[in-house]
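# Descriptive analysis of the structure
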Amino acid sequence: SETVARELFLFAHLEALKKEGGQERAIVLFLPEYDYHHERYFHLLIGTTRDRPGLLAEMTGGLAAYGIDIQEAEVHTAPGNFAFNYFNGFVSNPFDDLEKLKSALREDLEKVVSGETSVQKVFKARNRPYRFERKQEKVLPKVIWENDSTVGGNPVSVFLLHAGDRIGLLHIVSQLLAQSSINIA
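Let us look at the structure shown here.

### Overview of the packing of aromatic side chains
By convention here, two paired aromatic rings are described through the distance between centres and the angle between planes. For the structure on display, the rule yields two aromatic pairs. Geometrically, the ring pair formed by Phe123 and Tyr130 is edge-to-face, given 5.0 Å between the ring centres and 90 degrees between the ring planes. Taking relative accessible area as the criterion, Phe123 reaches 1% and is therefore assigned buried. Tyr130 sits in the partly exposed class, given a relative accessible area of 32%. Plain terms: the ring middles of Trp145 and Phe159 are 5.0 Å apart, the flat faces sit at 55 degrees to each other, and that makes the pair tilted. Here Phe159 lies in strand β6 (residues 154-162) and Trp145 lies in strand β5 (residues 142-151), a separation of 14 residues in the sequence.

Structure below.
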C-alpha cells in the first residue's frame, strides 16, 4: 500500500540521518493526496530519529503555534526507536500562500524536534500568545485509564479523553503526560 511505501521511504531516510549521528532529526512530509478536501486541510507525516517522552507535545505545540486544529493523530514507535506520527489538520488562520506556510511549518517543526528552538519561541515568532482558547462552550472533561489491554501480546495502558475540542488540546494533554514521565508510543 502507499502508506507502507511512504513509511519505508521515511524509515530509510531516518536511518541514514541516525547513522550520521549528532542531534535528533525530523523529516516532515505533507501528503498531497489528502489536500483535495479543502486548501486549509492537510495530512502530515512526521518521522523522527528517536522517540522519547515529550516528543508528541513538541510536535503538537509546533502545529498549534500555526493555528492548526488537529482533527486526528496516530502515534507509532517503530523498531530502532524511530517515531512515525500522522496528523490530519485544519489551518484555522487565514494565509496567503499555502506552500510558504508549509515550508515555514516544516522548518519550525524540524527545529523544535532537534532542540534548536522551543515551542514557546515558535509561538513568539508567529506573533501568537502561548495560550489555548476554547472553540466551544465548556465541556467537563472525562478521563478513562485502561491498564488491562494488550497489543501483540504486550501489556499497554489506554488513555481516553473526552473534552471540548480546541487548538492546542493535544499539546496540553501530551505535555502533561510527558511531565508525569508517561511516554506515548
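Now that the structure has been shown, we can carry on.
### Side note on unusual backbone geometry
Look at Asn81: it is not a glycine, yet its phi comes out positive at around 65 degrees. Relative to the helices and strands, Asn81 resides in the loop between β3 (68-78) and β4 (82-91). With a relative accessible area of 33%, Asn81 lands in the partly exposed category. Despite not being glycine, Asn127 has its phi angle at roughly 60 degrees, a positive value. Mapped onto the elements of the fold, Asn127 is located in the loop between α4 (119-125) and β5.

### Structural notes on the nonpolar core
With 30 residues, the main nonpolar core has Leu44, Ile46, Leu63, Phe87 and Leu105 as its most contacted residues. Setting aside chain neighbours within four positions, we find Leu63 in contact with Leu44, Ile68, Ile70, Phe87, Leu105 and Leu109. With eleven residues, the next largest nonpolar core counts Leu10, Leu14, Ala78 and Phe84 among its residues.

### Let's talk about the pattern of salt bridges
Under the criterion given, the structure shown has two salt bridges. Where Arg52 meets Glu58, a salt bridge forms, and the shortest distance between an N and an O atom there is 2.6 Å. Glu58 gets classed as partly exposed once you look at its relative accessible area, which sits at 22%. Here Lys111 makes a salt bridge to Glu107, at a shortest N to O gap of 3.1 Å. Of this pair, Lys111 and Glu107 both sit in helix α3 (residues 98-114), four residues apart, which is roughly one turn of the helix.

### Some thoughts on the packing of helix α2 (residues 55-65) against helix α5 (residues 169-179)
Packing of α2 against α5 brings their axes to within 8 Å, and their N-to-C directions diverge by 160 degrees. With respect to α5, the element α2 is oriented roughly antiparallel. For α2 against α5, the interelement crossing comes out left-handed. Only Leu170, His171, Ser174 and Gln175 of α5 make contact with α2, whose side of the interface consists of Leu56, Ala57, Thr60 and Gly61. Split into classes, the residues belonging to the contact of α2 with α5 amount to three nonpolar, five polar and no charged.

### Structural notes on a nonpolar patch on the surface
A surface patch of nonpolar side chains, about 320 Å² in accessible area, is lined by Val143, Trp145, Leu161 and Ile182. As for its placement among the helices and strands, Leu161 is situated in strand β6. Under the relative-accessibility criterion, Leu161 is labelled partly exposed at 31%.

### Re the environment of Leu55
Counting through the fold element by element, Leu55 comes out in helix α2. For Leu55, a relative accessible area of 2% translates into the label buried. Spatially, the C-alpha atom of Leu55 lies 8.4 Å from that of Ala178, the residues being 123 residues apart in sequence. Each residue touching Leu55, except ones within four places of it in the same chain, is listed here: Glu24, Thr48, Arg50, Ala83 and Val113.

Definitions and limits used
Residues numbered from 1 in each chain as written. Predicted model: local features only at pLDDT ≥ 70, side-chain atom pairs only at ≥ 80, totals over all residues. Heavy atoms only, no water. Phe/Tyr/Trp six-rings, centres within 6.5 Å; stacked < 30°, edge-to-face > 60°. Buried < 20%, exposed > 50% of the residue type's maximum accessible area, 1.4 Å probe, protein only. Helix = DSSP H or I, 4+ residues; strand = E, 2+ residues; numbered from the N terminus. Core = buried A, V, L, I, M, F, W, Y, C linked by side-chain atoms within 4.5 Å. Contact = heavy atoms within 4.5 Å. Salt bridge = Lys/Arg side-chain N within 4 Å of Asp/Glu carboxyl O. Axes fitted to C-alpha atoms, helices over the stretch in contact; angles between N-to-C directions. Parallel < 35°, antiparallel > 145°, perpendicular 65-115°, else oblique. Left-handed = near helix turned anticlockwise from the far one by under 90°. Nonpolar A, V, L, I, M, F, W, Y, C, P; charged D, E, K, R; others polar. Patch = residues over 30% accessible without salt bridge, like charges linked within 9 Å, V, L, I, M, F, W, Y side chains within 5 Å. Areas by Shrake-Rupley, 256 points an atom, 1.4 Å probe, with all protein chains shown as cover.

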